[in-house]
Amino acid sequence: MTYIIRRFTYSMSLVIFNKNLRKPMLTHSRSGLKISTIENQLKSADMPDHQKTSKSHIPESSMLFEKIVPALLFFMGIVTVTLILFAAGVLLGIIHF
Amino acid sequence: MSINQILPFFSTAIMLGFTIYVLQRFFIRRAPHFLFWGLGLAMFGAGSFAEAYLSLAWSPWVFFVWYLFGAALNAAWIGHGTLYLLVRKRWVHVVTGVLVIGSLFAGFLMLQVMPKLDAAVFTTSKPVSEQYGTKVLEAGTTAPAGAQTATTTYRGEQVTVIRGLLPLGSPVRLTTPFFNIYGLLTLVGGAIWSAFLFWRKRVLPNRVIGNVLIAAGALFIGSASTLTRLGYGQFLYLGELVSAILMFAGFRFAARPQPEEIPQTAPAAAD
């Protein structure tokens, strides 16, 4: 009995004080009632992406970020290079204004 | 008042708010990129204000502010702030020195040209961006309606020119492409690069959007300035206003604090 109380108290303390542990699980075994804890298997770094609800990540199936943003970045890159070449042409006297 | 007389006032108001916002962040965090952004934005705002003033009246010193800060320097100083943000190396301080010396030199050249300004051609009926530069009239072409022409000697040849406020061949006009190239590379290139990095890593979507908006805003004013050089100065004021709005919006977007990662718990296994 003392053993069971000690074991229960230990398990509950792990649940209460360790935020990585989730709810305790009761199982029956040959020796009787057994209380065990489920270790946290949900470290955020190992979580599958679809389980993440983070707002600091780009959503996976977003038209804006999958198509529009890369197209805009490419187009703006082209325009930037064109403007730089124009300014260089003015400096070198190739383009007269 | 025409639309070209009203737009610069709106641009000035937006740039004033933007400049105060950025400089406030500098005084809190003391990061050099905020200082250079703030100074560059203040130059942009000064240029907008000078345009607004010149749409109503002439002043040679307001024209000085318009050309030096609005046309020549502001892009380079804003872009230099982006360089400080993205590159944490000592050589950036050397580039700072070059920028400061170059800016002072451009100011000196502008002061030299002040006594030679052709104020007689100035009119409030046209934007200053359409009348600031003296251009050689190519043989066989006719001057636009209302343009004043003159005959002068340039590089040993008699040429017909369309008169502008700055005399033909002013050295200060040759400094502008240097500053603009540097500003394009650092400001636009830096914003595009930052947006690409965050997009590739699939993180911080607000910074992706913010940097896209900043790059778009800078390209707007860069394109409008280029068109001005080609003789289409009527787009400059609209370009400035759109640029101010986009860059301010982009900056606010990118500067938003990030929410914490919220991992979702898998349901506990049931036995």
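Everything numeric here is computed off the predicted structure, so don't read it as measured data. (Residues numbered from 1 in each chain as written. Chains lettered and ligands numbered in written order. Predicted model: local features only at pLDDT ≥ 70, side-chain atom pairs only at ≥ 80, totals over all residues. Heavy atoms only, no water.)

Looking at the nonpolar core
We count it as follows: In plain words, nonpolar cores are sets of buried Ala, Val, Leu, Ile, Met, Phe, Trp, Tyr and Cys residues tied together by side-chain atoms within 4.5 Å. Think of it in three bands: residues with accessible area under 20% of the maximum for their type are buried, residues over 50% are exposed, and the middle band is partly exposed, with areas taken using a 1.4 Å probe on protein chains only. Runs of H or I in DSSP of at least four residues are treated as helices and runs of E of at least two as strands, each being numbered from the N terminus. Contacts between residues were defined by any pair of non-hydrogen atoms, one from each residue, lying within 4.5 Å.
The biggest cluster of nonpolar side chains holds 79 residues, and the ones touching the most others in it are Phe63, Trp66 and Met110 of chain B. Broken down by secondary-structure element, the contributors of at least two residues to this core are helix H2 (63-91) of chain A together with helix H1 (3-29), helix H2 (32-54), helix H3 (60-86), helix H4 (91-113), helix H5 (171-201), helix H6 (205-229) and helix H7 (236-254) of chain B. When sequence neighbours within four positions are dropped, the list of residues in contact with Phe63 of chain B reads Leu54, Trp58, Met110, Leu117, Val128, Tyr132, Leu165 and Leu166 of chain B.

Re H5 of chain B
All names here are of chain B. Test applied: To estimate how far a helix should reach, multiply one less than its number of residues by 1.5 Å. The angle separating two fitted axes, one through the seven residues that finish at a residue and one through the seven that start at it, defines the bend at that residue.
Here H5 contains 31 residues, and its C-alpha end-to-end distance of 46 Å stays within 8% of the 45 Å for a straight helix at 1.5 Å per residue. The sharpest bend along H5 reaches about 30 degrees and sits at Gly189. Two residues or fewer after H5 comes Arg202, characterised by a positive phi angle close to 60 degrees.

A short note on empty space enclosed by the protein
Put simply, the rule is: A 1.4 Å probe that fits into a set of points on a 1 Å grid over the protein atoms alone but cannot get out defines a cavity; an open set with protein on both sides within 12 Å along at least five of seven lines defines a pocket, and lining residues are those with an atom within 4 Å of a point. Grid points are joined across faces, edges and corners, and a volume is the space filled by probe spheres set on the points. Amino acids are sorted into nonpolar (Ala, Val, Leu, Ile, Met, Phe, Trp, Tyr, Cys and Pro), charged (Asp, Glu, Lys and Arg) and polar (every other residue, Gly among them).
Across all of its chains, the model carries two cavities of 30 Å³ or more by this definition. In this structure, the largest cavity occupies an estimated 520 Å³ of space. Forming the boundary of the largest cavity are 30 residues, of which Ala71, Asn180, Ile221, Gly222 and Ser225 of chain B lie nearest the centre. Breaking the lining of the largest cavity down by element, the ones donating at least two residues are H2 of chain A together with H3, H5, H6 and H7 of chain B. Across the lining of the largest cavity, the residue classes break down as 19 nonpolar, nine polar and two charged. Reported here for the second largest cavity is a volume of approximately 30 Å³. Lining the second largest cavity we find Tyr132, Gly133, Lys135, Arg173, Thr228 and Arg229 of chain B. Looking at the lining of the second largest cavity residue by residue, the classes come out as one nonpolar, two polar and three charged.

As for unusual backbone geometry
Residue and element names in this part refer to chain B. Even without a glycine there, the phi angle at Arg30 is positive, about 60 degrees. Tracing the sequence through the fold places Arg30 in the loop between H1 and H2. Arg30 sits in the exposed class, given a relative accessible area of 55%. Phi is positive for Arg202, which is not a glycine, with a value near 60 degrees.

Side note on a nonpolar patch on the surface
Residues and elements named next belong to chain B. The following threshold applies: Each patch is built from residues that are more than 30% exposed by relative accessible area and take part in no salt bridge. Like charges join if they lie within 9 Å; nonpolar side chains (Val, Leu, Ile, Met, Phe, Trp, Tyr) join within 5 Å. Only the protein chains shown count as covering a residue, and every accessible area follows the Shrake-Rupley method with a 1.4 Å probe. By definition, a salt bridge exists where a carboxyl oxygen of Asp or Glu is found within 4 Å of a side-chain nitrogen of Lys or Arg.
On the surface, a cluster of nonpolar side chains totalling about 510 Å² of accessible area is made up of Met1, Ile6, Phe9, Phe10 and Leu56. By secondary structure assignment, the location of Ile6 is in helix H1. Judged by its relative accessible area of 31%, Ile6 is partly exposed.

Thoughts on the packing of aromatic side chains
Residues and elements named next belong to chain B. The condition that has to hold: For Phe, Tyr and Trp, rings pair up if their centres lie within 6.5 Å, where Trp contributes its six-membered ring, and each pair is then called stacked (planes under 30 degrees apart), edge-to-face (over 60) or tilted (otherwise). Only when the NZ of Lys or the CZ of Arg is both within 6 Å of the ring centre and within 35 degrees of the ring normal is a charge said to sit over the ring.
Counting across every chain of the model gives 19 aromatic pairs over all chains. One aromatic cluster is present, formed by Phe18, Tyr21, Phe34, Trp37, Phe248 and Phe251 through successive ring pairs. Against the face of Trp199 rests Arg202, its NZ or CZ located 5.3 Å from the ring centre. Over the ring of Phe253 we find Arg256, and its NZ or CZ is 4.6 Å from the ring centre.

Some words on the packing of H2 of chain B against H7 of chain B
Residue and element names in this part refer to chain B. The test is simple: Note on method: axes are straight lines fitted to C-alpha atoms, helices fitted across the in-contact stretch only, with angles between N-to-C directions ranging 0 to 180 degrees. In these notes the angle categories are as follows: under 35 degrees is roughly parallel, over 145 is roughly antiparallel, 65 to 115 is roughly perpendicular, and the rest is oblique. For any pair of crossing helices, the crossing counts as left-handed if the nearer helix is rotated counterclockwise from the farther one by less than a right angle, and right-handed if it is rotated clockwise.
Put simply, H2 and H7 touch, their axes get as near as 12 Å, and they point 150 degrees apart. Taken as axis vectors, H2 and H7 run roughly antiparallel relative to one another. Seen from above, H2 lies across H7 with left-handed handedness. For the pair H2 and H7, the contacting residues are Phe34, Trp37, Phe44, Ser48 and Glu51 in the first and Leu236, Tyr237, Glu240, Ser243, Met247 and Phe251 in the second.

Overview of the pairing of strand S2 (residues 149-154) of chain B
Condition: Pairing between two strands requires that DSSP report at least two bridges joining them.
For S2 of chain B and strand S3 (residues 157-162) of chain B, the ladder comprises six bridges, and the chain directions are antiparallel. Residue Thr152 of chain B lies in a different strand from S3 of chain B, and its bridge partner there is Val159 of chain B.

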